[in-house]
Amino acid sequence: MIELKNVSKWYGNYQVLTDCSTRINKGEVVVVCGPSGSGKSTLIKTINALEPIQQGEIWVDRVPVHDPATNLPKLRSHVGMVFQHFELFPHLSVTENLTIAQIKVLGRSADEAKQRGLKMLDRVGLMAHKDKFPGQLSGGQQQRVAIARALSMDPIVMLFDEPTSALDPEMVGEVLDVMVGLAHEGMTMMCVTHEMGFARKVSNRVIFMDVGGKILEDCTRDEFFNHPEERQTRTKDFLNKILQH
Amino acid sequence: MIELKNVSKWYGNYQVLTDCSTRINKGEVVVVCGPSGSGKSTLIKTINALEPIQQGEIWVDRVPVHDPATNLPKLRSHVGMVFQHFELFPHLSVTENLTIAQIKVLGRSADEAKQRGLKMLDRVGLMAHKDKFPGQLSGGQQQRVAIARALSMDPIVMLFDEPTSALDPEMVGEVLDVMVGLAHEGMTMMCVTHEMGFARKVSNRVIFMDVGGKILEDCTRDEFFNHPEERQTRTKDFLNKILQH
Amino acid sequence: MSWDWQVFCEDTMSRTAVQGCFGKGGDITYLDWMLSAWGWTVSVSLLSLLLALVLGALVGTLRTLPGRPGIVKLGNAWVELFRNIPLLVQLFLWYHVVPTVFPAMKAVPGFVLVVLALGFFTSARIAEQVRSGIETLPRGQRYAAMAMGFTTFQSYRYVLLPAAFRIIIPPLTSETMNIFKNSSVAFAVSVAELTMFAMQAQEETARGIEVYLAVTALYVVSAFAINRIMAFVEKRARIPGLVAASAGGH
Amino acid sequence: GDTLAKIKASGSITLGVRESSGLSYTLGNGKYVGFHTEMAERVIADLQKQLGLAKLETKYQPVTSQNRVPLVTNGTVDFECGSTTNNAARQKDVAFAVTTYVEEVRTAVKANSGINSVKDLNGKSVATTTGTTSVQTLRKNERAGGIDFKEVYGKDHADSFLLLETGRADAFVMDASILAANISKSKNPADFKIVGEVLSVEPIACMLRKDDTAFKKAVDDSIKRQIADGSLAKLYDKWFMQPVPPTNTKVGLPLSEATKAAWATPNDKPMEDYAKK
Amino acid sequence: MTGLDFSFYNWDLISNFVLKGLYFSVMLTVVATIGGVLFGTVLALMRLSGKKWLDVPATIYVNGMRSIPLVMVILWVFLLAPALIGRPIGAEVSAVITFIAFEAAYFSEIMRAGIQSISRGQVFAGQALGMTYGQNMKLVILPQAFRNMLPVLLTQTIILFQDTSLVYAIGAYDMLKGFEVAGKNFGRPIEAYLAAAVLYFVMCYALSWGVKRLHKKIAIIR
Ligand SMILES: Nc1ncnc2c1ncn2[C@@H]1O[C@H](COP(=O)(O)OP(=O)(O)OP(=O)(O)O)[C@@H](O)[C@H]1O
Ligand SMILES: Nc1ncnc2c1ncn2[C@@H]1O[C@H](COP(=O)(O)OP(=O)(O)OP(=O)(O)O)[C@@H](O)[C@H]1O
Ligand SMILES: [Mg+2]
Ligand SMILES: [Mg+2]
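Residues numbered from 1 in each chain as written. Chains lettered and ligands numbered in written order. Predicted model: local features only at pLDDT ≥ 70, side-chain atom pairs only at ≥ 80, totals over all residues. Heavy atoms only, no water.

- Looking at an unreviewed UniProt entry, one finds chain E named Glutamate/aspartate import permease protein GltK, with Simplicispira metamorpha as its source organism.
- Entered under Sequence similarities (unreviewed entry) in the UniProt record, the comment concerning chain E runs "Belongs to the binding-protein-dependent transport system permease family. HisMQ subfamily."
- Of chain E, the UniProt comment under Subunit (unreviewed entry) reads exactly: "The complex is composed of two ATP-binding proteins (GltL), two transmembrane proteins (GltJ and GltK) and a solute-binding protein (GltI)." (UniProt positions renumbered as here; feature names shortened; annotations may be inferred.)

The structure is reproduced here in structure tokens:
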């Protein structure tokens, strides 16, 4: 489904991604974690070419993302993405947020788009809020709308970039519940998160990155959590820090 | 040390604090928790009169905070406060952040202020960064500087408003460690936080607030965590939500 | 039309070309005159800027005082009054109408009046920028300052204003450039600045294009100089770490 | 360029006028009047006859001291009859019709000021208008007479007169027609008087594009006809000795010897030639 | 000085002198605002394009315009445009061209700041949904940017309205000119300027008040 081959990226002289390779199969849930600034967000953004890469190859659903000739808007329309700060369009109502890209990008009729969008909104449990504006919703609600927005484009894969880290603690649960539901339904997902509970519960694989954009670990959930002796010191340090409290 | 008697506060018609009463004795560590918008920040800000109140009385170290005749700057200089977003002064170096209020408010000499400030900086383990600017530090480091800044004013009590919630997960630990150290030294502390680990480890009492600014629970740590059957439904709900993951 | 740059070397009295283009012994050439006019333009502008900065900072600050609706209203009135009447009209009010109310003002020279008018006019705009600069600071900064025990005055002096002024350097740059351009109204109250020079010299020499070109060039040079100076100030005032911190992407 | 051909082809002529000078001013609403404006309208009527046009539309284009020369040279205005002094510097760029009015630069003062001549101005402040030749005149007189006075400049004539009216200036040195017009429109005309010697003499004429002899001849011929048949003198009387709009007051400035002389021998000599006399 | 003469203010004054100027000032403001915003948006997009061959000319144009006094620009266009296009243009047309060209430089700076105030996250979000550059601009960024910068845009429009008085330099007839000419021909300059000050104040204040209301109405709910 997704394949990265020796991907490297620089900002000026600073290397953010160093020779990253991995593959994600259909139906897999992969969690990416690592310290701040290690390039997790950058890695996930390269997959739908929101960030260009300077070296290596990225294939999504057999489409070469690194190829300048690729129709990127078309590719992106099939790749759902959820951001840390939700990034709903604040000037549009919830329903409009859900339908605008369906209409303008996929060319669906307004009716069809609305039907599909509201179905997804219902799925995340927010039907009652369909006419509100994003600013009138709590953080957890906004993030769920953002997930519904991505889903209504019928994505073949969903990318999440720290979807819960900007939320109040009591709202984290409601968003994670939606994501767990998606995973159980067999959605292919790649998810940057520090919620180790989520990783333990639903991930198939865990990728650990370190500063400089290197993939230090890329192993199954079981290996990651249950065989710390096989992990690198850096990884153990990090896990200690974030699991301690 | 701190006493609140029937404190109420309104923003326009909206009541943010409803009849709040509590007292905090010297050396006590009190944790305040509750859902977003329940008035936790507002409550803690009323204690050094950053927010005025419309009804009730607040006494800090036998000074009547609610009395218009009270010299508020003087009172505040003895009450340390640490904010969610650190609020270091971005245009001043770390050392200047530590000394400016000592010099301008307490009237200490530059030398004395520097000595005291650097001692506190050393205490939070950041001596090496004394000449940097806040923007050059990580979140966890900034928050530790903010604590050192408050401490260098020799406060009789420290107020914390969600000191770790804006931090990357791996940095939470370093800040909590400093706070635990303070608690063990016998500092009087009032702390809004959702870090239940911290509350379990060092708090003497826990206050739980609900929307509308009502104090629902005000009990010892032991009662709060170990006797859920005696707690109100609202409290149990909340605890479930934030402890689940 | 053909070019005739020689006109700048002519004596303003005899209209004969002077060797070296600068007049000697009390005689002045058009070049001398233009440079002195530039001097007036610069003096009017800098003094007005000074006045506008002081007043603008003051009024802008007053408009952000918490819990003082009266003072805030006064500040707002100031801004509305001075920005909603064209500068030229305001200058005229200072020159002719104010003295009818305060006869003492009649003795005040035009130069001072134009500094007052331009300074007050610009102060309204700067006050607006200062206010928005202070308001874009995180609210926590004010709380943090107060929590340290700073009085309101100290909070502004040591925390809010230094940070706000750094934020508003770019709009202040445009405003400073505007002052130079707006200083041209000074001709209306008999200050011999560049615009007056342009109007008078083109009348006397009938070489309008050359005169306007030279004057435009001087305005551009002034604006460019201001732009560079402000860029330097901005660089000097830049807070280490702040730009880098905001550039990082999530 | 051939202005006559252009007028004939377009059926319209653009006349440059002033908005508030003694010889040409506006009544608002696009109406322009004054001694020079009405004379120009008669010139246009003669042009129409000469060209045999059934209809000739007149477009009025208000001009200012700053733009009148460029407007004539770039063709926006076909000819300008405002209050433009015919001088050598301008003759490099434009041509002038025969002189229609000789302006005398004089001094207006408050009637009770005790100032009667230029030498009384020593130590006083003297107003004049930016962008006029009077500034130069004033400068020369100051230098020549060894007197020392403070110059203040109004941005236009009304402004300069206001300086005198409000006491910011003790005298206003300007073209006599402008002085007279401003005094006549003031609240109390009796408070002011025009005094002293003639500081300089300036021929006022209509301004035309350079090197268009046919057009210049046509305009000159019309003006000469108006002088010859006495209609110009009647026009002068109408605008200077009778009540005029908008306030219906008299300017009260009798025809000067200099103007009479210019009418006696119509010519387009520049100001510099007058000074030599 | 003797007292003010209020009989000066009458309907004749307004209808004969002021109305025509008022119409011109308002017309010029409206046309220049619309034209300036359109042209300014193009300039802003050029400067934000990240392509040197678009960015550099736009930057030179904007900074050049911003360092020359408007009066000079008005004069230059008026004096030089006929030479360039080979036939004279009227003061009115010339003023319209000048104001659009000049104000575009200022509007483009406002637009640029407005566009930059939209977080990168929003840009990414639009792209991630498959929108093209144009769709993203039109549907996501510009609608938000416009709402954010409305107050600044308004302030600039008020300045523009006041600046229309500078067309005196080319003999066009604006509102201030109307008052001035009336004041001169009636010998009542002080009264004329006072009336002008009041009318300007009322109009500009009403304008800013109206836009503040509008801004509240269409502001993004946060
Ligand atoms: N536009 C940019 N220009 C320059 N450097 C950048 C840019 N965006 C990101 N970086 C740098 O690249 C590195 C990786 O950034 P990235 O946002 O991918 O990290 P991350 O692992 O997602 O961190 P976090 O946990 O803080 O979100 C960081 O050091 C960051 O400062
Ligand atoms: N300046 C203000 N004007 C009006 N309402 C306000 C203001 N500040 C806070 N509020 C409201 O008062 C209520 C309590 O706010 P407060 O910040 O104290 O809550 P909190 O418990 O600290 O929440 P959080 O966990 O989100 O920090 C909220 O509903 C908030 O919207
Ligand atoms: Mg990230
Ligand atoms: Mg809070």
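The rest of the description comes next.
## Some points on helix H5 (residues 139–151) of chain A
Residues and elements named next belong to chain A.
- The end-to-end C-alpha separation of H5 is 18 Å, in line with the 18 Å expected for 13 residues at 1.5 Å each.
- Among the 13 residues in H5, 12 count as buried, and that is most of the element.
- Every buried residue of H5 is listed here: Gly140, Gln141, Gln142, Gln143, Arg144, Val145, Ala146, Ile147, Ala148, Arg149, Ala150 and Leu151. (Helix = DSSP H or I, 4+ residues; strand = E, 2+ residues; numbered from the N terminus. Expected span 1.5 Å × (residues − 1). Buried < 20%, exposed > 50% of the residue type's maximum accessible area, 1.4 Å probe, protein only.)

## Focus on the UniProt feature "transmembrane region" (unreviewed entry) in chain E
- The sites that UniProt annotates as "transmembrane region" (unreviewed entry) are residues 22–46, 67–85, 152–173 and 193–211 of chain E.
- Across residues 22–46 of chain E, the secondary structure splits into 100% helix and 0% strand, with the terminal C-alpha atoms separated by 35 Å.

## As for unusual backbone geometry
Residues and elements named next belong to chain B.
- At Asp19, a position not held by glycine, the phi torsion is positive, near 55°.
- Along the chain, Asp19 falls in strand S2 (residues 14–24).
- Accessibility expressed as a relative area gives 47% for Asp19, which makes it partly exposed.
- Of note in the backbone geometry, Arg62 takes a positive phi value of approximately 70° without being a glycine.
- Tracing the chain through its elements places Arg62 in the loop between strand S4 (55–60) and strand S5 (63–64).
- On the accessibility criterion, Arg62 (73% relative accessible area) is exposed.

## Observations regarding the sheet that holds S4(B)
All names here are of chain B.
- The strand order across the open sheet built from four strands is S2-S1-S4-S5, with neighbouring strands paired in antiparallel fashion. Each edge of the open sheet is held by one strand with a lone partner, namely S2 and S5.
- Sheet topology note: the strand S1 (residues 2–11)/S4 ladder contains five bridges and is antiparallel. Residue pairing across strands places Lys5 opposite Glu57, the latter belonging to S4. (Pairing = 2+ DSSP bridges.)

## Describing the arrangement of the chains
- Without any contact between them, chain A and chain D keep their closest C-alpha atoms 48 Å apart.
- What separates chain B from chain E at the closest point of their C-alpha atoms is a distance of 16 Å, and the two make no contact. (Contact = heavy atoms within 4.5 Å.)

## Re the site of ligand 2
- Not every one of the 13 residues close to ligand 2 is listed here, only the nearest: B:Val16, B:Ser36, B:Gly37, B:Ser41 and B:Thr42.
- Neighbouring residues of ligand 2 are not confined to a single chain but are spread across chains B and C.
- Between B:Gly39 and ligand 2, the recorded distance is 2.9 Å, taken from a backbone N or O atom to an oxygen atom.
- Contact between ligand 2 and B:Glu162: an oxygen atom at 3.1 Å from a side-chain N or O atom of the residue.
- Bound to the protein, ligand 2 loses 65% of the 640 Å² it would expose on its own.
- Only S2 and helix H1 (40–47) of chain B provide two or more residues apiece to the shell around ligand 2.
- At three residues, the largest contribution of residues to the shell around ligand 2 is made by H1(B). (Near = heavy atom within 4 Å. Polar contact = N/O pair within 3.5 Å; in protein donor to acceptor, adjacent residues only side chain to side chain. Areas by Shrake-Rupley, 256 points an atom, 1.4 Å probe, with all protein chains shown as cover.)

## Some remarks on the pattern of salt bridges
- Applying the stated criterion to the full structure yields 47 salt bridges over all chains.
- Of the charged contacts, one joins A:Lys130 and A:Asp131 as a salt bridge, the two residues approaching to 3.4 Å between their closest N and O atoms.
- Of the charged contacts in the structure, one is a salt bridge between C:Arg131 and C:Glu135, with a shortest N-O distance of 3.0 Å. Of this pair, C:Arg131 and C:Glu135 both sit in helix H4 (residues 110–136), four residues apart, which is roughly one turn of the helix. (Salt bridge = Lys/Arg side-chain N within 4 Å of Asp/Glu carboxyl O.)

## Brief notes about the interface of chain C and chain D
- On the side of chain D, 26 residues touch chain C, which itself brings 31 residues to the contact.
- At the boundary of chain C with chain D, total buried surface from both sides reaches about 2,600 Å², with 50% on carbon and sulfur atoms.
- A per-residue breakdown of the area chain C buries against chain D is headed by C:Met13, C:His96 and C:Glu203, which together make up 25% of the total.
- Inspection of the region where chain C meets chain D yields zero salt bridges.
- With seven residues, helix H8 (residues 194–205) of chain C is the largest single contributor of residues to the side of chain C that touches chain D. (Buried area = accessible area lost by both parts, 1.4 Å probe.)

## Observations regarding the packing of aromatic side chains
- Scanning the entire structure with this criterion turns up 30 aromatic pairs over all chains.
- A centroid spacing of 5.2 Å and a plane angle of 85° characterise the contact between A:Phe224 and A:Phe225, whose relative ring orientation is edge-to-face.
- The class of A:Phe224 is buried, set by a relative accessible area of 0%.
- One aromatic cluster in this structure is built from C:Trp78, C:Phe82, C:Trp94 and C:Phe120.
- Its end group placed over the ring of A:Tyr11, A:Lys9 keeps NZ or CZ at 4.8 Å from the ring centre.
- Residue placement shows E:Arg66 over the ring face of E:Tyr106; its charged tip is 5.8 Å from the ring centre. (Phe/Tyr/Trp six-rings, centres within 6.5 Å; stacked < 30°, edge-to-face > 60°. Lys NZ or Arg CZ within 6 Å of the ring centre and 35° of its normal.)

## Some details on the environment of C:Leu47
Residues and elements named next belong to chain C.
- As for its position among the elements, Leu47 is in helix H1 (residues 30–62).
- Residue Leu47 is classed as partly exposed on the basis of its relative accessible area, which comes to 40%.
- Placed 97 residues apart in sequence, Leu47 and Ala144 show a C-alpha to C-alpha distance of 36 Å.
- Residues contacting Leu47, with those up to four places away along its chain left out, are Phe111 and Val115.

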